[in-house]
Amino acid sequence: MSYFSFLAEHGSTLLLGTVTTIKVLICATILYVIISIIFGLMRVSNNSVIQGAATIYIEFFRGTSLMVQLFWVYYVLPFFGMSLEAFTSGVVAIGMNFGAYGAEIVRGGIIAVPKGQWEGAYALNFSPAKRMRKIIIPQIFPVILPPAANLTVELLKATALVALVTVVDLTFEAKQINSITWLSAQCFGTALIIYYIISRFFLVPFLRWLEVLAARKVGKEKI
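These numbers come from a predicted model, not from an experiment. (Residues numbered from 1 in each chain as written. Predicted model: local features only at pLDDT ≥ 70, side-chain atom pairs only at ≥ 80, totals over all residues. Heavy atoms only, no water.)

Visitor: Help me understand the overall build of the protein in this model?
Guide: Scanning the protein from terminus to terminus reveals eight helices and zero strands. Scanning the protein from its N terminus toward the C terminus, one meets helices and strands in the order α-α-α-α-α-α-α-α. If one aligns the C-alpha atoms of the protein with their principal axes, the spans along those axes are about 70 × 45 × 20 Å. In the protein, which comprises 223 residues, the share counted as buried stands at 41%. Nonlocal contacts in the protein, meaning residues at least 24 apart in sequence, comprise 74% of its contacts between residues at least 6 apart. Working note: accessible area of the protein is about 12600 Å², and carbon and sulfur atoms make up 69% of it. Within the protein, the 10 negative side-chain charges are centred at a point lying 13 Å from the centre of the 17 positive side-chain charges. (Helix = DSSP H or I, 4+ residues; strand = E, 2+ residues; numbered from the N terminus. Buried < 20%, exposed > 50% of the residue type's maximum accessible area, 1.4 Å probe, protein only. Contact = heavy atoms within 4.5 Å. Areas by Shrake-Rupley, 256 points an atom, 1.4 Å probe, with all protein chains shown as cover. Lys, Arg positive; Asp, Glu negative; His and termini not counted. Charge placed at Lys NZ, Arg CZ, Asp CG, Glu CD.)

Visitor: For this particular structure, what's the right way to read the pattern of salt bridges?
Guide: Any two side chains of opposite charge can pair if their charged atoms end up close together. Using the criterion set out here, one finds five salt bridges in the structure. With a shortest N-O distance of 3.2 Å, Glu-59 and Arg-62 are connected by a salt bridge. Within this pair, Glu-59 and its partner Arg-62 are both found in helix α2 (residues 48-63), separated by three residues, close to a single helical turn. Of the residues examined, Glu-59 reaches a relative accessible area of 45% and is grouped as partly exposed. Accessibility expressed as a relative area gives 31% for Arg-62, which makes it partly exposed. The shortest N-O distance in the salt bridge between Glu-154 and Lys-157 comes to 3.2 Å. In this pair, Glu-154 and Lys-157 both sit in helix α6 (residues 128-158), three residues apart, roughly one turn of the helix. Residue Lys-157 is classed as exposed on the basis of its relative accessible area of 52%. Connected through salt bridges with shared partners, the residues Arg-43, Glu-104 and Arg-107 form a single ionic network. (Salt bridge = Lys/Arg side-chain N within 4 Å of Asp/Glu carboxyl O.)

Visitor: Explain helix α1 (residues 3-43) to me, please; I cannot follow it from the model alone.
Guide: The α-helix winds at 3.6 residues per turn, so residues separated by three or four positions along the chain end up facing the same way. Compared with an ideal rise of 1.5 Å per residue, which puts 41 residues at 60 Å, α1 spans 51 Å between its outermost C-alpha atoms and falls more than 12% short. Along its length, α1 reaches its greatest deviation from straightness, about 60°, at His-10. (Expected span 1.5 Å × (residues − 1). Bend = angle between axes of the 7 residues up to and from the residue.)

Visitor: Got a minute to help me understand α6 in this structure?
Guide: Given a rise of 1.5 Å per residue, 31 residues ought to cover 45 Å, yet the end C-alpha atoms of α6 are separated by just 36 Å, more than 12% below that figure. Ile-144 marks where α6 bends most, by close to 50°; the proline Pro-146 follows one to four residues later.

Visitor: Which parts of the structure should I look at to understand the packing of aromatic side chains?
Guide: Ring pairs (aromatic) are described by centroid distance and by the angle formed between their planes. Throughout the structure, instances matching the rule amount to eleven aromatic pairs. With a centroid separation of 4.2 Å and an interplanar angle of 20°, the aromatic rings of Phe-39 and Tyr-57 are classed as stacked. Here Tyr-57 lies in helix α2 and Phe-39 lies in helix α1, a separation of 18 residues in the sequence. Comparing Phe-39 with Tyr-57 shows no difference in burial state: the two are buried. Residues Tyr-57 and Phe-61 carry aromatic rings whose centres are separated by 4.7 Å and whose planes lie at 45° to one another, so their mutual orientation is tilted. Pair noted here: Tyr-57 and Phe-61 are both in helix α2, with a separation of four residues, about one helical turn. You can call Tyr-57 buried: its relative accessible area is 11%. Judged by relative accessible area, Phe-61 falls into the buried class, the value being 12%. Three or more aromatic residues joined by ring pairs form one cluster here, namely Phe-39, Tyr-57, Phe-60 and Phe-61. (Phe/Tyr/Trp six-rings, centres within 6.5 Å; stacked < 30°, edge-to-face > 60°.)

Visitor: Looking at this structure, I do not really get the nonpolar core. What am I missing?
Guide: Side chains of nonpolar character tend, in soluble globular proteins, to be buried together. Membership of the largest hydrophobic core comes to 48 residues, with the highest contact counts inside it found for Leu-14, Ile-94, Phe-98, Ile-110, Ile-136, Ile-140 and Leu-155. Tallying contributions element by element places α6 first for this core, with twelve residues. In contact with Ile-140, not counting residues within four places along its chain, are Val-106, Gly-109, Ile-110 and Val-113. Formed by eight residues, the second largest nonpolar core is a distinct cluster that contains Ile-35, Phe-39, Ile-58 and Ala-103. (Core = buried A, V, L, I, M, F, W, Y, C linked by side-chain atoms within 4.5 Å.)

Visitor: Help me understand the environment of Ser-184 in this model?
Guide: Turning to its location among the elements, Ser-184 is positioned in helix α8 (residues 184-222). Remark: the alpha-carbon pair of Ser-184 and Ala-174, spanning ten residues in sequence, is separated by 8.6 Å. Setting aside chain neighbours within four positions, we find Ser-184 in contact with Asn-178 and Gly-189.

Right, dumping it as structure tokens:
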């Protein structure tokens, strides 16, 4: 079978799997961004209990395997009365895992804000919440977006793991087609190309655009 014949016969199936992969990417990214911001702020809290809770969360999810976390969410939580669908399990596991890494990026961005900005916020007598919202948070985006962009690209690669809990994504479809046709090079080669196209021509340009936008916004505010 030629490669074009392979695409004609199985291309639509792989395309459906690609759509599911993109859905997992978007949902998991939204979740990890929310978790990153919340736990990143908790990490710089003056309250030792809040800071300790954030540290435990971050160290646990960074120190254990994402694959095991995924299996735990999908296969073990039902024993505790919390049954999640395969898609939801994949999104939750990936989002919580990458949220732990993202929280440290946010913490680093907050620490990187110049001391003068903190002093100015104190001088204006801003409350801690207003200080973060008005002064600190807007300035961290140019600092955190490059490492966050790299983390998001890694998240795209990690979406392939959801196939292990029966989510019908691109990797799952490639494995299913391969089990029928035994055309491994065509199946996984096509999947490889699709992942690259999503990353190189869609995800990375969008993230670079966000970096430029954040840098311009902060530059205008400083002027």
